[in-house]
Amino acid sequence: QVQLVESGGGLVQAGGSLRLSCAASGGTFSVYAMGWVRQAPGKERDVVAAISWTGTTIYYTDSVRGRFTISRDNAKKTVYLQMNNLKPEDTAVYYCAAREALGIATSSVDYDYWGQGTQVTVSS
């Protein structure tokens, strides 16, 4: 079983950038597909980015494509989400999630393990 801890959230003005990190412990990180999932108040959890265990398959939801970049370092057991040109509508709690499969998942229900979440607030 893998444990996930996110960091890097905070308050930023519109147009700014943040980099989220998710450190994993336990389990075999390199065989997990990873994702970043966000949840805004009153809304469902949405997968914003996902990456396969090799890093060769990547998914972005339409609203963040071109602004967010997901990456992973299997040696460091860490996955990252670089967020540029942030918008107020990006405000949410961002969760790191792991899936016990090699392929990516674009639905939050397909993830097996979750971090505690980190708040990202973008002011206008």
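In this text the structure is predicted, and so the values were computed from the model without any measurement.

(A) Up close: the pairing of strand S9 (residues 92-99). S9 sits mainly inside the fold: six of its eight residues count as buried. Here strand S4 (residues 33-39) runs beside S9; their pairing, made up of seven bridges, is antiparallel. Along S9, the bridge assignment pairs Met34 with Ala98. As judged from the three bridges shared by S9 and strand S11 (residues 118-123), these two strands associate in the antiparallel manner. Bridge assignment links Val93 to a residue of S11, and that residue is Gln119. With two bridges connecting them, S9 and strand S10 (residues 113-114) associate as antiparallel partners. Its bridge partner lying in S10, Ala98 is registered against Tyr113.

(B) Local environment of the packing of aromatic side chains. Applying the stated criterion to the full structure yields three aromatic pairs. The interplanar angle of 90 degrees and the centroid separation of 6.1 Å between the aromatic rings of Tyr32 and Tyr113 together place this pair among those described as edge-to-face. Pair noted here: Tyr32 is in the loop between strand S3 (18-25) and S4 and Tyr113 is in strand S10, with a separation of 81 residues, a long-range link. Tyr32 gets classed as buried once you look at its relative accessible area, which sits at 5%. Taken together, Tyr95, Tyr111 and Trp114 form an aromatic cluster joined through their ring pairs. Here the guanidinium or amino end of Arg19 rests over the ring plane of Tyr80, the centre of that ring lying 4.1 Å away. A cation sits over an aromatic face here: Arg45 above Tyr95, 4.0 Å from the ring centre.

Conventions used here
Residues numbered from 1 in each chain as written. Predicted model: local features only at pLDDT ≥ 70, side-chain atom pairs only at ≥ 80, totals over all residues. Heavy atoms only, no water. Buried < 20%, exposed > 50% of the residue type's maximum accessible area, 1.4 Å probe, protein only. Helix = DSSP H or I, 4+ residues; strand = E, 2+ residues; numbered from the N terminus. Pairing = 2+ DSSP bridges. Phe/Tyr/Trp six-rings, centres within 6.5 Å; stacked < 30°, edge-to-face > 60°. Lys NZ or Arg CZ within 6 Å of the ring centre and 35° of its normal.

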